[in-house]
Amino acid sequence: IIKKFTMAMLWKFMRVAKCSKTALSPKVKVRGIPTHSRHSSSKSVPSDFAASAPCLNTVELLGKSYPQDDYSNVTEKILSKVGKNLHNRKHHPLWLIKEQVKEHFYKHYLGRRGTPLFSVYDRLSPVVTVQQNFDSLLIPQNHASRRKEDNYYLNRDHMLRAHTSAHQWDLIHSGLDAFLAVGDVYRRDTIDNTHYPVFHQMEGVRLFSCHELFSSIKDGEGLQLFEQGHRTAHKQECHTMEAVRLVEFNLKQVLTKLMTHIFGDGLQVRWVDCYFPFTHPSFEMEINFQGEWMEVLGCGVMEQQLVNSGTETPLLH
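Because the structure is a prediction, the values reported are computed rather than measured.

Draft legend 1. A look at the overall build of the protein chain. When helices and strands are tallied, the protein chain shows seven helices and 13 strands. Partitioning the contacts of the protein chain with sequence separation of at least 6, the portion at a separation of at least 24 is 67%. When the accessible surface of the protein chain is totalled, it reaches about 15,900 Å², and 53% of it is carbon and sulfur.

As structure tokens, this is what we get:
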């Protein structure tokens, strides 16, 4: 499938954890492990890889050295969390949730050959470039989410990922049409009962071709994914309303089934319109928990510019 002729949906949900802030000392000893990008298993790897600062102006983390500059603000305490990979430790609560989600997708979403439609990436390095974390997701240069006060920067070019979405562009443009990405993420949050600087996210992306989206629709042969239109509150300028409505329906149906699988039958769900730089339209799902509405995930129709970018040479899958 040529990516220029597909449109995508995205969702992600998270679980918060916690930690504290301390100043980075000249010598840092951190336990960690090198990570790899193409593992769908959850096999644990011993954490015997040391990270250190061989000089005052360099931090070595996961086998690579990063020169410090005026943007460097990652703390010793935060560095000590990198490489723990709690989501890959067998029987850890995060591992159990991840496996429950994987089992659900492996069982209910199969490809043409009966194999799982979604591949899983849970060993991607938490160290990413600023370009991966922000630019590739169409986040404007002046967007508040880029602030040093909100992120952990190794230097001006590298940081600890603030979301698993930092891997979206690379995974899409490697030729993937459906995947789940899981990992630890880092934000400089004030610690309270729902916030902590280290937490975990799981997100999914699925791309649709015209045939995949409309094949089950009666007389759907004449329907199209794209048009030369205008951006509205309900759709992007390049998408037809029929395509957006179908993707939105599929997205909400998939996520409602997933949350019901996790939380049980009788779940009360409501959808709230929201804004993300990399999806439009965008939604948040809330569930009724002990009489109060609680946000559990964000999702939306991926910006077509993100899907198309970098595809001057067509990518095939």
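Draft legend 2. Layout of the nonpolar core. In terms of nonpolar packing, the biggest core is built from 31 residues, with Met7, Trp11, Phe105, Leu180, Leu213 and Leu255 touching the most fellow members. Elements that contribute at least two residues to this core include exactly β1 (6–16), α2 (93–108), β9 (178–186), β10 (198–209), α5 (210–214), α6 (241–263), β12 (279–289) and β13 (292–302). For this core, the element with the highest residue contribution is α6, accounting for eight residues. If sequence neighbours within four positions are ignored, Leu255 has contacts with Trp11, Trp271, Met285, Leu297 and Cys299.

Draft legend 3. Highlighting α6. Over its 23 residues, α6 extends 32 Å from the first C-alpha to the last, a length consistent with the 33 Å expected when each residue adds 1.5 Å. With its phi angle positive at about 105 degrees, Gly264 sits one or two positions after the end of α6.

Draft legend 4. How the structure looks around unusual backbone geometry. Omega for the peptide link from His280 to Pro281 comes to 0 degrees, which places this bond in the cis form. Summarising the element assignment, Pro281 is placed in strand β12. You will see that Leu62, though not glycine, has its phi angle at about 50 degrees, which is positive. For Leu62, the position within the fold is in the loop between β4 (58–61) and β5 (64–67). For Leu62, a relative accessible area of 14% puts it in the buried group.

Draft legend 5. Structural context of the packing of aromatic side chains. Tallied over the entire structure, the rule returns seven aromatic pairs. With centroids separated by 5.0 Å and ring planes inclined at 85 degrees, the aromatic side chains of Tyr71 and Tyr153 adopt a geometry described as edge-to-face. With a gap of 82 residues between them, Tyr71 in the loop between β5 and α1 (76–79) and Tyr153 in the loop between α3 (130–133) and β8 (158–160) connect regions that are remote in the sequence. Residue Tyr153 is classed as buried on the basis of its relative accessible area of 2%. With a centroid separation of 6.1 Å and an interplanar angle of 75 degrees, the aromatic rings of Tyr109 and Phe118 are classed as edge-to-face. For Phe118, a relative accessible area of 4% translates into the label buried. Geometry around Tyr71 places Lys148 over its ring, the cationic atom sitting 5.3 Å from the centre. It is Lys252 that lies over the ring of Phe283; its NZ or CZ is 4.2 Å from the centre.

Draft legend 6. Region of interest: α2. Its 16 residues place the ends of α2 23 Å apart at the C-alpha level, agreeing with the 22 Å of an ideal helix rising 1.5 Å per residue. For α2, the full list of buried residues reads Leu94, Trp95, Lys98, Val101, Lys102, His104 and Phe105.

Draft legend 7. Looking closely at the layout of surface pockets. Volume-wise, the second largest pocket comes out at about 820 Å³. For the second largest pocket, the lining is made up of 28 residues, of which Gly111, Arg112, Leu117, Arg206 and Glu212 are closest to its centre. Sorting the residues of the lining of the second largest pocket by element identifies β10, α5 and α6 as the ones contributing at least two each. In terms of residue class, the lining of the second largest pocket is built from 13 nonpolar, 10 polar and five charged.

Draft legend 8. Structural context of the confidence of the model for the protein chain. Confidence along the protein chain averages 84 in pLDDT terms, with 82% of residues attaining 70 or more. Scored below 50 in pLDDT, residues 14–55 makes 132 contacts in the model with residues more than four places away or belonging to other chains. Contacts of residues 311–317 to residues separated by more than four positions or lying in other chains number 15 contacts, the stretch itself having pLDDT below 50.

Draft legend 9. Spatial organisation of the pattern of salt bridges. Following the criterion strictly, the structure yields 13 salt bridges and no others. A salt bridge links Asp70 to Arg156; its shortest N-O distance comes to 2.9 Å. With a gap of 86 residues between them, Asp70 in the loop between β5 and α1 and Arg156 in the loop between α3 and β8 connect regions that are remote in the sequence. On the basis of relative accessibility, which here comes to 47%, the residue Asp70 falls in the partly exposed class. For Glu99, the salt bridge identified is with Lys102, shortest N-O distance 3.2 Å. Of this pair, Glu99 and Lys102 both sit in helix α2, three residues apart, roughly one helical turn. Residue Lys102 is classed as buried on the basis of its relative accessible area of 6%. If you follow the salt bridges from partner to partner, you end up with Lys98, Glu99, Lys102 and Asp122 in one network.

Criteria and thresholds
- Residues numbered from 1 in each chain as written.
- Predicted model: local features only at pLDDT ≥ 70, side-chain atom pairs only at ≥ 80, totals over all residues.
- Heavy atoms only, no water.
- Helix = DSSP H or I, 4+ residues; strand = E, 2+ residues; numbered from the N terminus.
- Contact = heavy atoms within 4.5 Å.
- Areas by Shrake-Rupley, 256 points an atom, 1.4 Å probe, with all protein chains shown as cover.
- Core = buried A, V, L, I, M, F, W, Y, C linked by side-chain atoms within 4.5 Å.
- Buried < 20%, exposed > 50% of the residue type's maximum accessible area, 1.4 Å probe, protein only.
- Expected span 1.5 Å × (residues − 1).
- Phe/Tyr/Trp six-rings, centres within 6.5 Å; stacked < 30°, edge-to-face > 60°.
- Lys NZ or Arg CZ within 6 Å of the ring centre and 35° of its normal.
- 1 Å grid on protein atoms, 1.4 Å probe; cavity = no way out; pocket = protein on both sides within 12 Å on 5 of 7 lines; lining within 4 Å.
- Points joined across faces, edges and corners; volume = space filled by probe spheres on them.
- Nonpolar A, V, L, I, M, F, W, Y, C, P; charged D, E, K, R; others polar.
- pLDDT = per-residue confidence, 0-100.
- Salt bridge = Lys/Arg side-chain N within 4 Å of Asp/Glu carboxyl O.

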